[in-house]
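Observations on the three-dimensional arrangement
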Amino acid sequence: MKGKVVGSIREAVALAGLKDGMTVSFHHHLRNGDYVLNLVMEAVAQLGIRDLTVNASSLFDIHLPLLDHIQNHVVTGIQTDYMSAALGREISRGILERPVEFRTHGGRPSDIAQGRTPIDVAFIAAPAADPMGNCSGKYGKSACGSLGYAYPDAMYAKKVVVITDNLVDYPLLDWSIPESYVDYVVCVEEIGNPKGIVSGTTQITRDPVGLVMAQHAAKVIEYSGLLKEGFSFQTGAGGASLAAAKFLKDIMLREQIQGSFGLGGITGYMVDMLQAGCFRSLLDVQCFDLKAVESIRTDPRHQEISAMHYASPSHRSAVVDSLDVVILGATEIDTDFNVNVHTDSGGCIMGGSGGHSDTAAGAKLSMIIAPMFRARLPIVTDHVTCVSTPGKDIDVLVTQGGIAVNEKNRELKERLTAAGLPVLDIHALKEKAERITGKPRQMPHGDRVVANVISREGALQDVIYSVPDEE
Amino acid sequence: MRRSLLFLPGNTPNMLINGSCLGADAVIFDLEDAVSPAEKDAARILVRNTMTYMDFRGCERVVRINGIDTPYWKEDLDEVLPCRPDLILLPKTSSAADIQEADTYITETEKRLGLAAGAVGLVALIETALGVENAFAIASASPRVAALFLGAEDLTADLRCKRTKEGREIEYARTRLVTAARAAGVDVYDTPFTDVNDDEGIETDAALAKALGFTGKASISPRHVETINRVFSPSQAEIDYAYEVMETIRLAKEQGKGAVALRGKMIDAPIVERARQTIAMAQEMGLGREDA
C-alpha cells in the first residue's frame, strides 16, 4: 500500500506547495534528539525557499543548524514556546531579522486555532505511522510517548507531512493523530537519537539545599488545605521539583489521600506515584523519560492529551483550569512575584515559558521553587529582566532560606505561618540573600528587541533586548 | 536543644553559606579532618567570616578546632573566639589534662580579647581508647565542659577493630560515655552514621543512640538531619503524657496528697524530671502549651 507515502522530504515539501514567506511548524517531543527539524530545513534550503517563519513548540541545542539558515535568510522569523541556551545566546546577539515570538504551551495552540499564527506546512515527527498517516508516539525505536503538542499543527495547518522511521502496516491502531489530518507521509532512516529524546531515568536531587527546598515545598502543599481526596498536581522534571514530588508522595501515602490526576510533562516519578495509588490518572502532553513512555503505552490510566486540552485559554476548557497545585522554577523572581524563565540574569535567552504561565494561571496554588542565589546572584530582584509569568498568577516562593507568600493569598500565608513554616516577606528574603551576595549591578542591554513575549491570551507582555557584544 | 549537630567542612563556601538552612540544631564548622594542612589558614578565615556575616539564628555554631597535639589549635581559637561560637569541639581528648590545657588557653584568650569569661563551652570529642577510659574525669575536668562527643571512626582505629553499621564494636564506648556524661551532669552526643545513602540505617542508628541515653547525634550529611531531629524529638503522645504528669502532680499538691498514680503507675521523682525535660524540649520546638 503506497497510500500517502512520498519518496523524500524534499518531494513532500514541493508537493505541499511551500513557498517563500510561508510558515512551517514542528513539535518538540523528540526534544534534544530531534533530527526532523534539521532534515526538513536542509531540504527547504536546498530547494531555494527563503524568508520562512519556523513555528516550533520548543527549540533545543540540537537545532543549532538553524543559525546557518538564519544567516542565509532561509529563516527570518521564529515562533516558539522555549529555546535552549546555546541557540538563545545567538538569538540574543540579534542575528534574526524579526524578533522571536515567544508564546506559552497553551497560547501557541490557541493562536494557531484562532488563525493568529497560521501554519502553511506542519511537519510531524512520528515514531510510528502507517501509509495513510495515522501516527503515534508510543511505538518504535524513537518512541517518545505523547504527541500532545503536535495536535494543533495537525488540525489547523494547511498541509500536514508526517515523517517517520517506523512505517507500519495500515491501520496503525491506538493512533494519536488520525489520517484525516495528514496529506503526505515520508519514511526516513532515523527521526531522532533515542538518547536525546528521553533520558533513561530522571534523578531526584542529592543536593542538600535542593532537598531542603523540596521539603519546604511538600510541607507548603500539605498545609495549603488543597491536599485532600481528588487533589491534582503538576511538577517539573528538575531535581528539586522531583524531590518535592517524592516528599509529597510520602505524605499522600501516609495520609491515604488519592488524587484525581497528575498533569504535565510526565516523568517516571509521576508514574511511580500513579502506581503507588497517589493518583487515579495521569494526563500527559509530553513524556520526559522511558518509564513515562512505557507507562503511556501500557497503562490505560495514563492518558495522552493535546496541547489545547492541556492549556489553551481560548478553548472551552483546559486541564490546567482544574489543577490544584503546580511546582515551577524561575531564573529570577521579583518582589511583585513576576517570574522570569526566558533569560538568565544577564538578559541572555536560555528558556521560555513552556507551560509555566498556563499552569500558574490555572492552578489554585502556583509555587515557585528556587534557591536564594545561584553562583553569586540573588534570585529575588526588584524587577525581573523579563516578565514570563505575571506575579498575579504566583502564590508562593519556596527557597532554602524561607518561604514568601504573595499578599494576594492571605489565607495561604496564615495557614503556612500557623503550621510553623519559615514564612517571611519577599523583601526580607531578598535582603537576606543580598547580605551574602551583595546587591548586583544592573546589566546593560542592547537597543534591539530580539524577542517579544506574548501572554497566553495573545497580548504583548514583555520584550527581550539584545545583549551587548562581549568585549 | 541539640538533637542534631551537622559537620560542615570549613573550606567549602557553598556548604557554609547554606549551613543555617539545613535544619540542624547546631552546625560544626570543621577546621580539623575536613581541611588539609595547606588550607588550614584559608578555612579559619572562611569560618570566621561565615560566623561574622551569616545569620545563624535558631542554629548553634560549634567549631571543631585542631587537636592540642597539632601546631594549629591556638591560631584556630585566636581566629574564631571573637565570633563568639557557642561551643568549641576539641578533638582527640584523652585526659582531663587535655581539657585543662585548652581551657587555660581559652580563658587567657577571652581575657586578652575582652570577651565574657567562660562564655564558650567545650565539647570533648572522645575518639581514643584512653579517652573512653577517662570519660568521667574529662567530663568533670572543668565547668567549661558542656558535653562529651563520641567519635567512632578514630576510636575503632585505635581499638584495632572494624567499624560496622551495627556498631557492636562501640557498644562499650557508647554506654560508658553516656554514663560518664550523666554522672558529671553534662550532655553527650553520638558519633555520625557515615553511610549517607542508607536511610534505614540512620533511622536505626539514631534510635539506638536515643535509647542508650544520648542527648543528640552528629551527622556528616544534611540528608540525615531530619531523621535525627525526628528520632530525638518527643512524640505528641510523650508531650501529652508529660503535661498529664505535671497536672497530676499539681493536683496532688493542692489536695495535700503524698504519693499519686497516673494510668495505674506511681509517679515518682524520675518520672516528674523526665516530664519536665520533655516539656522543656516541646516548648523549644514550639509544641509547648501556653498554660503550662
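Parameters and conventions
- Residues numbered from 1 in each chain as written.
- Chains lettered and ligands numbered in written order.
- Predicted model: local features only at pLDDT ≥ 70, side-chain atom pairs only at ≥ 80, totals over all residues.
- Heavy atoms only, no water.
- Helix = DSSP H or I, 4+ residues; strand = E, 2+ residues; numbered from the N terminus.
- Contact = heavy atoms within 4.5 Å.
- Domains from an automatic or database assignment.
- Buried area = accessible area lost by both parts, 1.4 Å probe.
- Salt bridge = Lys/Arg side-chain N within 4 Å of Asp/Glu carboxyl O.
- Polar contact = N/O pair within 3.5 Å; in protein donor to acceptor, adjacent residues only side chain to side chain.
- Pairing = 2+ DSSP bridges.
- Buried < 20%, exposed > 50% of the residue type's maximum accessible area, 1.4 Å probe, protein only.
- Axes fitted to C-alpha atoms, helices over the stretch in contact; angles between N-to-C directions.
- Left-handed = near helix turned anticlockwise from the far one by under 90°.
- Nonpolar A, V, L, I, M, F, W, Y, C, P; charged D, E, K, R; others polar.
- Parallel < 35°, antiparallel > 145°, perpendicular 65-115°, else oblique.

1. A word on the side chain of Asp25 of chain B
One can find Asp25 of chain B in the loop between helix H1 (13-17) and strand S2 (26-30). In contact with Asp25 of chain B, other than residues within four places in its own chain, are Met1, Arg2, Arg3, Ser4, Gly58, Cys59, Glu60 and Asn229 of chain B.

2. Examining the domain arrangement of chain A
Residues and elements named next belong to chain A. Taken domain by domain, chain A consists of domain 1 (5-57 + 105-197) and domain 2 (208-443). Taken together, the contact between domain 1 and domain 2 spans 24 residues of the former and 22 residues of the latter. Together, the buried faces of domain 1 and domain 2 total about 1,800 Å²; carbon and sulfur atoms form 58% of this surface. Counting the surface domain 1 buries against domain 2, the share from its top three residues, His105, Lys138 and Ser146, is 29%. For the pair domain 1 and domain 2, the interface holds 0 salt bridges. Where domain 1 packs against domain 2, one counts 15 residue pairs in polar contact (both at pLDDT 80 or more). Sorting the residues of the side of domain 1 that touches domain 2 by element identifies helix H5 (107-113) and helix H6 (151-156) as the ones contributing at least two each.

3. Topic: the interface of chain A and chain B
Taken together, the 13 residues of chain A in the interface contact 12 residues of chain B. Interface area, chain A with chain B, both sides summed: about 1,000 Å², of which 61% is carbon and sulfur. When residues of chain A are sorted by the area they lose upon contact with chain B, Arg206, Pro208 and Ile436 of chain A head the list and together hold 37% of the total. In this assembly, chain A and chain B are joined by 0 salt bridges. Here chain A and chain B share 3 residue pairs in polar contact (both at pLDDT 80 or more) between them.

4. Thoughts on the sheet that holds strand S4 (residues 75-80) of chain A
All names here are of chain A. Read from one edge of the open sheet, 10 strands run S1-S10-S9-S6-S2-S3-S4-S5-S24-S25, paired in mixed fashion. Single-partner strands in this sheet number two, and they are strand S1 (5-6) and strand S25 (460-465). Here strand S2 (residues 23-26) pairs with strand S6 (residues 121-126) via 3 bridges, running parallel. In the strand pairing of S6, Ser25 is matched with Ala122.

5. Observations regarding the pattern of salt bridges
Residue and element names in this part refer to chain B. Using the criterion set out here, one finds 54 salt bridges over all chains in the structure. A salt bridge links Lys92 to Asp154, with the shortest nitrogen-to-oxygen separation between them at 3.7 Å. With Lys92 in the loop between strand S4 (87-90) and helix H4 (96-113) and Asp154 in helix H7 (residues 152-159), this residue pair connects regions lying 62 residues apart in the sequence. Take Lys92: its relative accessible area is 34%, and that puts it in the partly exposed class. The class of Asp154 is partly exposed, set by a relative accessible area of 25%. Note that Arg174 is salt-bridged to Asp205, the shortest N-O span being 3.1 Å.

6. Some words on the packing of helix H9 (residues 199-212) of chain B against helix H10 (residues 225-232) of chain B
Helix packing for two helices is described by the angle between their axes and how far apart those axes are. Residue and element names in this part refer to chain B. Here H9 crosses H10 at 35 degrees, and the two axes come no closer than 9 Å. Crossing of H9 against H10: the hand is right-handed. Judged by residue contacts, Ile202, Glu203, Ala206, Ala207, Ala209 and Lys210 of H9 engage Thr227, Ile228, Arg230, Val231 and Phe232 from H10. Along the lines of polarity and charge, the residues of the contact of H9 with H10 split into 7 nonpolar, 1 polar and 3 charged.

7. Looking at unusual backbone geometry
In this structure, Pro171 of chain A follows Tyr170 of chain A across a cis peptide bond, with omega equal to -5 degrees. Relative to the elements of secondary structure, Pro171 of chain A occurs in the loop between strand S9 (159-164) and strand S10 (184-187). Look at Asp51 of chain A: it is not a glycine, yet its phi comes out positive at around 60 degrees. Along the chain, Asp51 of chain A turns up in the loop between helix H2 (36-46) and strand S3 (52-56). With phi around 50 degrees, Lys92 of chain B is a residue other than glycine that occupies positive phi space.

8. Some thoughts on the domain arrangement of chain B
As assigned here, chain B comprises domain 1 (4-232) and domain 2 (236-284). Using C-alpha coordinates to define each centre, domain 1 of chain B is positioned 33 Å away from domain 2 of chain B.

9. Notes on the packing of helix H8 (residues 208-223) of chain A against helix H9 (residues 239-255) of chain A
Residues and elements named next belong to chain A. Following both chains from N to C, one finds H8 and H9 inclined at 45 degrees, their axes separated by 8 Å at the closest point. When the axis of H8 is compared with that of H9, the two are oblique. H8 and H9 meet at a crossing whose hand is right-handed. Residues Gly210, Leu211, Met213, Ala214, Gln215, Ala217, Ala218, Ile221 and Glu222 of H8 pack against Ala240, Ala243, Ala244, Phe247, Leu248, Ile251 and Arg254 of H9. Its residues placed into classes, the contact of H8 with H9 shows 12 nonpolar, 2 polar and 2 charged.

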